[in-house]
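Single-letter residue listing:
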Amino acid sequence: LCPGGDYIISFDPSLGDFQWHDNSDDSFYEVDNEGSYALTISNICGEEPDEMEVTELDLPQVSLGFDSVIICDGFPYFIDLDPDEGTYVWQDGMTGPSYFITATGLYSVTVTNFCGNEEDNLYVTEVVPPSLDFGPALEACDGDTILLSIGNNAGNFVWQDGSTSTDFN
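Quick caveat, the model's predicted, so the values are computed rather than measured.

(A) A look at the environment of Leu59. One can find Leu59 in the loop between β5 (46–54) and β6 (68–72). In this structure the C-alpha to C-alpha distance between Leu59 and Cys115, which are 56 residues apart in sequence, comes to 5.4 Å. Each residue touching Leu59, except ones within four places of it in the same chain, is listed here: Pro3, Glu85, Asn113, Cys115 and Gly116.

What follows is the structure, given as structure tokens:
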């Protein structure tokens, strides 16, 4: 039973006499709360009792945590969600509550149960470890200046003298 919902149980009135757990005698019953419900149908050939337990199911909830995550190359980001929330479908069609992320991209999951569905998104940025190579050894004469440059590498740099520019003379 979904929150705020109801369910009508209905039988063919010609089956016989109806006796619900609350002594009502209609061939139908409106279920609007969780709990135990019992019915006995009787006619000249006998009687048949049955009962059921009704539980309320919440709307599914899903959260991938932060809106964005940074991962390092070679270190996947693992998501493990509650399997009791419903069925999960990821942006690539994979199913299940667990997912490994290994690359930059927008990831989304939709969880669905009897009462509805909910979606959440996560943007992942993969960062590769820094790589730096000034090339072969350099020789300079007295008075010459050599410019060392990091180039287009992203990140934070600290030279031996504490300066943080992308270039060093």
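After that view of the structure, there is still more to cover.
(B) Representation of the nonpolar core within the structure. Core analysis: the biggest nonpolar cluster contains 15 residues, and Leu81 and Trp90 have the highest contact counts within it. Elements represented by at least two residues in this core include exactly β6, β8 (87–90), β9 (98–101), β10 (105–113) and β11 (116–127). Looking at this core, the element that brings in the most residues is β10, giving three residues. Once residues lying within four places of it in the same chain are set aside, the contact partners of Leu81 are Val62, Ser63, Leu64, Tyr88, Trp90, Pro97 and Val109. In this structure, Ile9, Tyr29, Val31 and Tyr37 belong to the second largest nonpolar core, which totals 10 residues.

(C) Looking closely at unusual backbone geometry. Phi angles above zero are rare outside glycine, and Asn23 is one such case at about 70 degrees. For Asn23, the position within the fold is in the loop between β2 (17–20) and β3 (28–31). Looking at Asn23, the relative accessible area reads 59%, which means it is exposed.

How each quantity is defined
Residues numbered from 1 in each chain as written. Predicted model: local features only at pLDDT ≥ 70, side-chain atom pairs only at ≥ 80, totals over all residues. Heavy atoms only, no water. Helix = DSSP H or I, 4+ residues; strand = E, 2+ residues; numbered from the N terminus. Contact = heavy atoms within 4.5 Å. Core = buried A, V, L, I, M, F, W, Y, C linked by side-chain atoms within 4.5 Å. Buried < 20%, exposed > 50% of the residue type's maximum accessible area, 1.4 Å probe, protein only.

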